[in-house]
Amino acid sequence: MRRSRWAWLAPTLVLALALVLVATTAWFLRVDHADGGTSTAAPPDQAWIADSPAAPAAEPARQLPPLPARDQAILPTHVRDLVARADGGDRRAACRLGSLLAHCRLINPDLLTDDFLAALHKNEDDMAARGELSAANEAASMILNLTTLRRQCDGIPPSLSRRAPAYLRQSALAGEPEAVVRYLRGDAFVGLGATDSSDLLGPDFDQWRREAPALLQAQLAIGRPEAALLLLEAHSHHGTTLSFITPEDPLRDQAYLRLAQRLFEDFELPDYWMTDEPGPDLARDADLLAREWQERFFQDRRFRISKDLVGLGNALLPEGDSTWPAAESWRPACAEPEDDFP
């Protein structure tokens, strides 16, 4: 594995920032990449969960009760507006709100304190004084991102943040494409590796666990390329929420990997990705299955991860020099290009 550029930080900061990176990478909106070639992908199929004949029946989204008055009173303006629109049935607002709440509740609040930011500022100044300009720039980038996160997340009470799964599900069942991906991926749940695993014992998680596998297969059946990467993630050793509920299946583990390799022109497994070495019989069967899926569900089309996916621009992001986007590039899920954010 390549040496991380965070090595210049003190050990306590390394651990803390690694937790931020793991928890938040999936929440940043994809950054457009230069496309040196021509994608062969067909226009996106707009048949999502709400109107797909392949989708199984799902319970309707439930009507959420009003927030406690004391919590309603302290909501930041940008959050209060999203709550009102989402509760009124706006599926795009529900996607933005659910994604924002999920994002914020994964952040350790200690990383957004004045003391922690002051420590990062000191590191930046010290490294700049020593002429370590690249490391100083990394510290400055982290400061900008954590400051952005604090503006987005300050003032959100637990009574609202716990509703992240419900808002994402509401938007997904209404057919909002990015919400479909985020809900099926299980992005709204906290618990795997967290000190508080209450999410895994709650009704929202039970509902997601019951319906997500079939809904994900429905996305594959209508030819959504995002489903191929989600299923690869589900059939992996990486402790994601999807893999947590997916039974072991060596054949499908290998077949979904081969499907991703066949589908995506720019597919690359990260350095940290663990795979089992298949025997010749298993490898042959997996190749046959992947070929069958590509023909049946995708008509032998090919895609680019950097261009053709909705809500998964950072999927299986290879480990490189830095995976931390610039603060000015961060935008919430389902945001309109003209929207402003605090």
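Residues numbered from 1 in each chain as written. Predicted model: local features only at pLDDT ≥ 70, side-chain atom pairs only at ≥ 80, totals over all residues. Heavy atoms only, no water.

## Comments concerning the overall build of the protein
Here is step 1: Secondary structure assignment for the protein yields 15 helices and zero strands.
Here is step 2: Evaluated residue by residue, the protein yields a buried proportion of 50% over its 342 residues.
Here is step 3: Long-range pairs, those at least 24 residues apart, make up 80% of the contacts in the protein between residues at least 6 apart in sequence.
Here is step 4: Total accessible area computed for the protein in this model is approximately 16,400 Å², and 53% of it derives from carbon and sulfur atoms. (Helix = DSSP H or I, 4+ residues; strand = E, 2+ residues; numbered from the N terminus. Buried < 20%, exposed > 50% of the residue type's maximum accessible area, 1.4 Å probe, protein only. Contact = heavy atoms within 4.5 Å. Areas by Shrake-Rupley, 256 points an atom, 1.4 Å probe, with all protein chains shown as cover.)

## Overview of the packing of helix α13 (residues 250–263) against helix α14 (residues 280–298)
Here is step 1: In the contact formed by α13 and α14, the axes pass within 8 Å of each other and the chain directions differ by 50 degrees. In terms of their interaxial angle, α13 and α14 are classed as oblique. Taken as a pair, α13 and α14 cross one another with a handedness that is right-handed. On α14, the residues that touch Pro-250, Leu-251, Arg-252, Gln-254, Ala-255, Tyr-256, Arg-258, Leu-259, Arg-262 and Leu-263 of α13 are Leu-282, Ala-283, Asp-285, Ala-286, Asp-287, Leu-289, Ala-290, Arg-291, Trp-293, Gln-294 and Phe-298. (Axes fitted to C-alpha atoms, helices over the stretch in contact; angles between N-to-C directions. Parallel < 35°, antiparallel > 145°, perpendicular 65-115°, else oblique. Left-handed = near helix turned anticlockwise from the far one by under 90°.)

## So, the nonpolar core
Here is step 1: Leu-160, Tyr-167, Leu-229, Leu-259 and Phe-264 are the most contacted members of the largest nonpolar core, which totals 67 residues.
Here is step 2: Where this core is concerned, the elements lending two or more residues are α3 (77–87), α4 (91–105), α8 (164–173), α9 (177–185), α10 (203–221), α11 (225–234), α13 and α14.
Here is step 3: A total of eight residues in this core trace back to one element, the largest contributor, which is α4.
Here is step 4: Beyond its immediate chain neighbours, meaning those up to four positions away, Tyr-167 contacts Leu-64, Val-83, Ala-86, Asp-87, Ala-94, Leu-97, Gly-98, Leu-101 and Leu-160.
Here is step 5: Core analysis: the next-biggest nonpolar cluster, separate from the first, contains ten residues, Phe-116, Ile-143, Leu-146 and Leu-149 among them. (Core = buried A, V, L, I, M, F, W, Y, C linked by side-chain atoms within 4.5 Å.)

## Observations concerning the pattern of salt bridges
Here is step 1: Using the criterion set out here, one finds 17 salt bridges in the structure.
Here is step 2: Notably, a salt bridge pairs Arg-85 with Asp-90, separated by 3.3 Å at the nearest N-O pair.
Here is step 3: With relative accessibility at 27%, the residue Asp-90 sits in the partly exposed group.
Here is step 4: The partner of Arg-185 in a salt bridge is Glu-233, with the nearest N and O atoms 2.7 Å apart. Of this pair, Arg-185 sits in helix α9 while Glu-233 sits in helix α11; the two residues are 48 residues apart in sequence, bridging distant segments of the chain.
Here is step 5: For Arg-185, a relative accessible area of 10% puts it in the buried group.
Here is step 6: Connected via shared salt-bridge partners are Arg-91, Arg-92 and Glu-176. (Salt bridge = Lys/Arg side-chain N within 4 Å of Asp/Glu carboxyl O.)

## Notes on the state of the cysteines
Here is step 1: By the definition in use, this model includes one disulfide.
Here is step 2: Here Cys-104 is linked by a disulfide to Cys-153, with a sulfur-sulfur distance of 2.0 Å. Every disulfide takes its handedness from the sign of the S-S torsion; for Cys-104 and Cys-153 that torsion is -80 degrees, giving left-handed. Taken as a pair, Cys-104 in helix α4 and Cys-153 in helix α6 (residues 133–153) lie far apart in primary sequence, 49 residues in all. (Disulfide = S-S within 2.5 Å.)

## Regarding α4
Here is step 1: The end-to-end C-alpha distance of α4 is 21 Å, a good match for the 21 Å that 15 residues give at a rise of 1.5 Å each.
Here is step 2: α4 sits mainly inside the fold: 13 of its 15 residues count as buried.
Here is step 3: You can read the cap of α4 off the contacts: a side-chain oxygen lies 3.0 Å from the backbone nitrogen of Arg-92, and it is on Asp-90. (Expected span 1.5 Å × (residues − 1). Polar contact = N/O pair within 3.5 Å; in protein donor to acceptor, adjacent residues only side chain to side chain.)

## Regarding α14
Here is step 1: Taking 1.5 Å per residue as the helical rise, α14 with its 19 residues ought to reach 27 Å, and the 26 Å between its terminal C-alpha atoms agrees with that figure.
Here is step 2: Of the positions making up α14, those classed as buried are Ala-283, Ala-286, Leu-289, Ala-290, Trp-293, Gln-294, Phe-297 and Phe-298. Seen end-on, α14 carries its buried residues on one side only, within an arc spanning 135 degrees.
Here is step 3: Among the structural elements, α10, α11 and α13 are those in contact with the buried residues of α14.
Here is step 4: Once α14 finishes, Gln-299 follows within two positions and takes phi at roughly 50 degrees, a positive value. (Arc of directions from axis to C-beta.)

## Some thoughts on the environment of Gly-186
Here is step 1: Mapped onto the elements, Gly-186 comes out in the loop between α9 and α10.
Here is step 2: With 26 residues separating them along the chain, Gly-186 and Ala-212 place their C-alpha atoms 8.5 Å apart.
Here is step 3: With residues near it in sequence (within four places) discarded, Gly-186 still touches Trp-208 and Thr-241.

## Let's talk about the confidence of the model for the protein
Here is step 1: Looking at the protein as a whole, the pLDDT averages 75, with 73% of positions reaching at least 70.
Here is step 2: Confidence scores differ between elements of the protein, with helix α1 (residues 11–24) showing the lowest mean pLDDT of 37 and α14 the highest of 95.
Here is step 3: Below pLDDT 50 for its whole length, residues 1–48 participates in 98 contacts with residues either more than four positions away or in separate chains.
Here is step 4: Long-range and interchain partners of residues 317–330, a stretch whose pLDDT sits below 50, account for 39 contacts in this model, where long-range means more than four residues apart. (pLDDT = per-residue confidence, 0-100.)

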